[in-house]
Amino acid sequence: MRIRVERGTEIDDENRFYPIFVSLEDRVCLVIGGGEVAQRKVAGLLRFGAVIRIVAKDLTCRLEERCDGTRVRWIGRDYEPGCLDAVDLVFAATSDVELNRRISADARARKLWCNMASDPEMGTFIVPSMVTRGALNLAVSTGGASPALAREIREKLEKEFGPEWGPYIRLMGYLRKVIQSMGLESSENQRLFRAIAALPILSWIQEGRRGEILRGLQDVCGPRLGIEGLNALLDELWKPFSSSSQPCATPPEPSAT
Ligand SMILES: C[C@@]1(CC(=O)O)C2=NC(=C\c3[nH]c(c(CCC(=O)O)c3CC(=O)O)Cc3[nH]c(c(CC(=O)O)c3CCC(=O)O)/C=C3\N/C(=C\2)[C@@H](CCC(=O)O)[C@]3(C)CC(=O)O)/[C@H]1CCC(=O)O
Ligand SMILES: NC(=O)c1ccc[n+]([C@@H]2O[C@H](COP(=O)([O-])OP(=O)(O)OC[C@H]3O[C@@H](n4cnc5c(N)ncnc54)[C@H](O)[C@@H]3O)[C@@H](O)[C@H]2O)c1
């Protein structure tokens, strides 16, 4: 740990990026540069509903294909500070390091968050490596120290947190809502949440033991748990598990009622 003390506050110089999860839906992201790095950033941003404006001398074929004139627009070849008007986030991703630095300074002057593909330390945010499983988002950053290592860790996490985590999180989110709507004391809610979290639901999903899930949840929650809603959700969650692309040790059991 490298600690610097500034105005009486200890700042960890080795770990200067505060991790947050932000919604980018309909936010305007300006990407300057149209190469491999810009292409990777644009692909990631689109998954989160961002609106993308690109300024670059040229674009990769794949980026050009992505330009639909609305969600993704190539607005010009030359950067000038006016490009930052009405923008929410900036990505300086050209191969011209001096230009990237100018963009970063312009963004800073306007208090805009700016990601720097070169000189990451001059930017105000970095993009982590990500594993997403439904609502679960595991984000890894080495603070820019080693992007290759971030990728390695991401690959390990992908193996540990398989696709079954998507339905698992969805089921847990559903149960939380149902239990919260029962009007119980908050201590009873907490007891139920903990008892449910202690059930081996993840293994039951992996092994395709749908009936076990229903029985286990009914044992914990009693008849208060509406079986119809739960069955409907399990029907939906079970769909991908009945295709051959997903791990499933035994065939899913028929609906228990
Ligand atoms: C996570 C990921 C997300 C994404 O880009 O979407 C990402 N880089 C990825 C891959 C990757 N990038 C590079 C390699 C080649 C191996 C290597 O050089 O190590 C590989 C590996 C590969 O592709 O195999 C080269 C590289 N990257 C940066 C520089 C500039 C510099 O360090 O100066 C250079 C050198 C350029 C040169 O050669 O000069 C800078 C950044 N890259 C970051 C993110 C941020 C810090 C993340 C962190 O905290 O660790 C940061 C600081 C800024 C930013 O871009 O936000 C994505 C992984 C996707 C995945 O999971 O597979
Ligand atoms: N952050 C990362 O993950 C990461 C990974 C690899 C490389 N890099 C660094 O990111 C930068 C971009 O890498 P790349 O592989 O995408 O490069 P690239 O050569 O594939 O693309 C560069 C892009 O910048 C544009 N450009 C160059 N000068 C310009 C200017 N004056 N005005 C407008 N557009 C201009 C080009 O038209 C091109 O579209 C490099 O500095 C590289 O070292 C970062």
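Looking at an unreviewed UniProt entry, one finds the protein named precorrin-2 dehydrogenase, with Syntrophobacter fumaroxidans as its source organism. The heading Catalytic activity (unreviewed entry) in the UniProt record of the protein holds the text "precorrin-2 + NAD(+) = sirohydrochlorin + NADH + 2 H(+)". Under the UniProt heading Pathway (unreviewed entry), the note attached to the protein is "Porphyrin-containing compound metabolism; siroheme biosynthesis; sirohydrochlorin from precorrin-2: step 1/1."

Turning to the overall build of the protein, a few remarks are in order. When helices and strands are counted, the protein shows 9 helices and 9 strands. Computed over its C-alpha atoms, the radius of gyration of the protein comes to 23 Å, more than 25% above the 18 Å expected for a compact globule of 257 residues. Expressed as lengths along the three principal axes of its C-alpha atoms, the size of the protein is roughly 65 × 50 × 35 Å. Looking at the protein as a whole, 37% of its 257 residues qualify as buried. In the protein, the share of contacts with a sequence separation of at least 24, taken over all contacts with a separation of at least 6, comes to 51%. Here the protein contributes 35 positively and 35 negatively charged side chains, and the mean placements of these two sets differ by 1 Å.

Along its sequence, the protein is carved into domain 1 (20–127) and domain 2 (165–242). For domain 1 versus domain 2, the separation of C-alpha centres amounts to 42 Å.

The calculated volume of the largest pocket comes to roughly 2,000 Å³. In terms of lining residues, the largest pocket is bounded by 48 residues, among which Phe 125, Ile 126, Val 127, Pro 128 and Ser 129 are the most central. Taken together, the elements giving at least two residues each to the lining of the largest pocket come down to helix 1 (36–46), strand 6 (89–92), strand 7 (113–116), strand 8 (129–133), strand 9 (136–140) and helix 4 (147–160). Residue composition of the lining of the largest pocket, grouped by class: 25 nonpolar, 13 polar and 10 charged. Approximately 290 Å³ is the volume found for the second largest pocket. What lines the second largest pocket is a set of 19 residues, among which Gly 33, Ala 56, Lys 57, Thr 94 and Ser 95 lie closest to the centre. Looking at the lining of the second largest pocket, its residues break down into 8 nonpolar, 5 polar and 6 charged.

Procedures and definitions
Per chain, residue numbering runs from 1 following the sequence as it is written. Naming scheme: in the order in which they are written, chains are lettered from A and ligands are numbered from 1. Where totals are concerned, whole chains, interfaces and linings use all residues; where local detail is concerned, this predicted model gives features only for residues with pLDDT of at least 70, and gives and counts side-chain atom pairs only at 80 or more. Here the side-chain values reflect all heavy atoms present in the structure, with hydrogen atoms and water set aside. UniProt positions are given in the numbering used here, feature names are shortened, and annotations may be inferred rather than shown by experiment. Each helix is a run of DSSP H or I of at least 4 residues and each strand a run of E of at least 2, with the numbering of both proceeding from the N terminus. Note that the radius of gyration is over C-alpha atoms, with the globule rule given as 2.2 Å times the number of residues to the power 0.38. The rule is simple: take the accessible area with a 1.4 Å probe, protein chains only, and divide by the maximum for that residue type; under 20% is buried, over 50% is exposed, in between is partly exposed. In this description, contact between two residues means that some pair of their heavy atoms is separated by no more than 4.5 Å. Only four residue types enter the tally: Lys and Arg on the positive side, Asp and Glu on the negative side, with His and both chain ends excluded. In plain terms, the charge of a residue is placed at NZ if it is Lys, CZ if Arg, CG if Asp and CD if Glu. An automatic or database domain assignment supplies the residue ranges for each domain. Only protein atoms enter the 1 Å grid used here. Points where a 1.4 Å probe fits but cannot escape make up a cavity, open sets with protein on both sides within 12 Å along at least five of seven lines make up a pocket, and a residue lines them when an atom lies within 4 Å of a point. Grid points are joined across faces, edges and corners, and a volume is the space filled by probe spheres set on the points. Each residue is assigned to one class: nonpolar for Ala, Val, Leu, Ile, Met, Phe, Trp, Tyr, Cys and Pro, charged for Asp, Glu, Lys and Arg, and polar for all the others, Gly among them.

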